[in-house]
Amino acid sequence: MEPDELAGLACEDYVDSRLVTGSAEVGDALGLEHGPLPDDRLDALGAKPWTLLVQAVDHHIPAVADLIDPFRFIPNWRIDDVMVSYATDQGGVGAHYDQYDVFLVQGLGRRRWELGDICSEETPLLPHEDLRLLAEFEARQDWVLEPGDILYVPPGLAHKGTAIGHDCMTYSVGFRAPSRTELVAGWTDEVLDQLTDDDRYVDADLKLQPNPGLISEHAVSRLHKMVMEKLGDEAAFARWIGKFATAPKGAALDWQPEHTLSDEQVLPRFACDAILVRNPASRFAYVRWADGNVLLSVDGESYECCDETGAFAEKLCANTRIPVDPSETTARPVRELILALVNRGSIAFDGDEG
Ligand code: SIN
Ligand code: CO
């Protein structure tokens, strides 16, 4: 990417961007501004160090989305997005740690990465209003990345990047790992949605107990079962996790057709070889049931797929560009799945995107 292209994205209201002013060398003096930035903001910064960080650039620039391809050995649901940063000489966001695995790919220019120790919630932070910066940082390793170099930083590892010279661009291929807090909160909300107040504890077989104050072992075990039966339903959990793991993040790239397409309208397009493309902002994942059927999840919605539709769903999850053989779409359920996804804007016929 050209630096100007990144600066342009940071001015758009549908893009999540941040501007950090100051040098990584003096963490507590760093300033933070959130995008969208006014058109003339970057020009006004003059010679002092600054870093522009733009989230999910892969959702907007196809060439940046291609940068994920070498990382496809990691499942789709664990991939987050590609953040791109631009810094002037000495620019950097200060010493910090992230919760996720990240591959830092150097684009333009050079950046020094200093790596420290593994941190946790107990690690002291600087009293900074906006940034989570480490109060103490001791570099244990020092790497200078040149264009094309990659540095892997595991979750929790303290790191500090400083631009060496102007025009320093770094591509962060970031991953996600749900926290237990998120999982428990999300899954219990889902279970609660399925429950009614009529579903209550009953003890028609109640025995007289010597002390009325006792919550008997039998009662505890029954109460516990009432909870666990629902929370422990693994098939229901698998159904939910697909939706949870593919839920869209931020404003998606809008590929929805202006008018909802019908089977009659798309049928001719399958007569010869068609190519479908996945919206780079969309998330695709599936679980396979014991009977071989597939539950496809796309952007927080799930689709039960069997037989040839299941095979097609797997193909959609494996590739970002999907050539479709006319024989694959003779089955109506396959066309219905394609139609549902095209109408949601999660996929498009090659050439129709956006
Ligand atoms: C950057 O690209 O400047 C910051 C990336 C990071 O440290 O997470
Ligand atoms: Co970081």
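Residues numbered from 1 in each chain as written. Chains lettered and ligands numbered in written order. Predicted model: local features only at pLDDT ≥ 70, side-chain atom pairs only at ≥ 80, totals over all residues. Heavy atoms only, no water.

**Q** Can you help me understand the coordination of the cobalt ion (ligand 2) in this one?
**A** A four-donor tetrahedral metal ideally has 109.5 degree angles, and a six-donor octahedral metal ideally has angles of 90 or 180 degrees. At this site the cobalt ion (ligand 2) is bound by His-96 (NE2), Asp-98 (OD) and His-159 (NE2), with donor distances of 2.0 to 2.1 Å. When the donor residues of the cobalt ion (ligand 2) are listed from N- to C-terminus, their spacing reads H-x1-D-x60-H. One end of the pair, Asp-98, is in the loop between β4 (79–87) and β5 (102–106); the other, His-159, is in strand β9 (residues 157–164), and 61 residues separate them in sequence. (Donors = N, O, S within 2.8 Å, 3.2 Å for Na, K, Ca; no water. Helix = DSSP H or I, 4+ residues; strand = E, 2+ residues; numbered from the N terminus.)

**Q** How should the nonpolar core be read in this particular structure?
**A** Considering soluble globular proteins, one finds that nonpolar side chains tend to be buried as a cluster. Ranked by internal contacts, the top residues of the largest apolar core, which has 28 residues, are Leu-6, Leu-42, Leu-52, Val-54, Val-57 and Val-84. The residues contacting Leu-52, other than those within four sequence positions of it, are Leu-6, Ala-7, Ala-10, Arg-18, Leu-19, Leu-37, Leu-42, Val-84, Ser-85 and Tyr-86. (Core = buried A, V, L, I, M, F, W, Y, C linked by side-chain atoms within 4.5 Å. Buried < 20%, exposed > 50% of the residue type's maximum accessible area, 1.4 Å probe, protein only. Contact = heavy atoms within 4.5 Å.)

**Q** Quick question: what am I supposed to make of the pairing of strand β12 (residues 284–288) here?
**A** Every regular strand shows the same layout, with side chains that alternate between the two sheet faces. As paired elements, β12 and strand β13 (residues 294–298) share five bridges and run antiparallel to each other. Directly across from Arg-288, in β13, lies its bridge partner Val-294. Count of turn residues in the β12/β13 antiparallel hairpin: five residues, of which Gly-292 carries a positive phi of about 95 degrees. (Pairing = 2+ DSSP bridges.)

**Q** What is the right way to look at the packing of helix α3 (residues 180–194) against helix α5 (residues 234–246) in this model?
**A** A pair of packed helices is captured by two measures, namely the crossing angle of their axes and the spacing between those axes. At a closest axis distance of 11 Å, the pairing of α3 and α5 adopts a crossing angle of 115 degrees. As α3 packs across α5, the resulting crossing turns out to be right-handed. Contacts from Glu-182, Leu-183, Gly-186, Trp-187 and Glu-190 of α3 reach α5 at Ala-236, Phe-237, Trp-240, Ile-241, Lys-243 and Phe-244. When its residues are assigned to classes, the contact of α3 with α5 shows seven nonpolar, one polar and three charged. (Axes fitted to C-alpha atoms, helices over the stretch in contact; angles between N-to-C directions. Left-handed = near helix turned anticlockwise from the far one by under 90°. Nonpolar A, V, L, I, M, F, W, Y, C, P; charged D, E, K, R; others polar.)

**Q** Help me understand the sheet that holds strand β7 (residues 141–145), please; the structure alone is not making it clear to me.
**A** In a beta sheet, neighbouring strands are held together by backbone hydrogen bonds and run either parallel or antiparallel to one another. Pairing in this open sheet of three strands is antiparallel, and the strands run β7-β6-β9 from one edge to the other. In this open sheet, the two strands that pair with only one neighbour each are β7 and β9. Between one strand axis and the next, the sheet turns by 20 degrees as a mean value, whatever way the strands run. Where strand β6 (residues 110–118) meets β7, five bridges bridge the pair, whose relative direction is antiparallel. When the sheet's bridge partners are listed, Arg-111 is paired in β7 with Leu-145.

**Q** Explain helix α8 (residues 332–344) to me, please; I cannot follow it from the model alone.
**A** Because the α-helix completes a turn every 3.6 residues, residues three or four places apart line up on one side. Between its terminal C-alpha atoms α8 stretches 18 Å, which fits the 18 Å expected from 13 residues at 1.5 Å a residue. Those residues of α8 that fall on the buried side of the exposure criterion are Val-334, Arg-335, Leu-337, Ile-338, Leu-339, Leu-341, Val-342 and Asn-343. At the exit of α8 stands Gly-345, carrying a positive phi of roughly 85 degrees. (Expected span 1.5 Å × (residues − 1).)

**Q** Looking at this structure, how should I read the sheet that holds strand β1 (residues 17–21)?
**A** Here seven strands make up an open sheet; going across it, the order is β2-β1-β3-β4-β10-β5-β8 and the pairing antiparallel. The sheet is open, and its two borders are formed by β2 (31–34) and β8 (150–153), each paired with just one other strand. Across the sheet, the mean angle separating the axes of adjacent strands is 20 degrees when strand polarity is ignored. With four bridges connecting them, β5 and β8 associate as antiparallel partners. Among the inter-strand pairings, Phe-103 is bridged to a residue of β8, identified as Tyr-152.

**Q** Hey, could you run me through the pattern of salt bridges in this one?
**A** When the charged atoms of two side chains lie near each other, side chains of opposite charge can form a pair. The tally for this structure, following the rule as stated, stands at 22 salt bridges. Where Arg-239 meets Glu-304, a salt bridge forms, and the shortest distance between an N and an O atom there is 2.4 Å. Here Arg-239, found in helix α5, pairs with Glu-304, found in strand β14 (residues 301–305); they are 65 residues apart in sequence, far enough to count as distant. Residue Arg-321 is joined to Asp-350 by a salt bridge in which the shortest nitrogen-to-oxygen separation is 3.1 Å. You can see Arg-321 sitting in strand β15 (residues 321–324) and its partner Asp-350 sitting in the segment after β16 (347–349), a full 29 residues away along the chain. For Arg-321, a relative accessible area of 45% puts it in the partly exposed group. Among the charged side chains, a salt-bridge network with shared partners connects Asp-80, Asp-81, Lys-249 and Arg-283. (Salt bridge = Lys/Arg side-chain N within 4 Å of Asp/Glu carboxyl O.)

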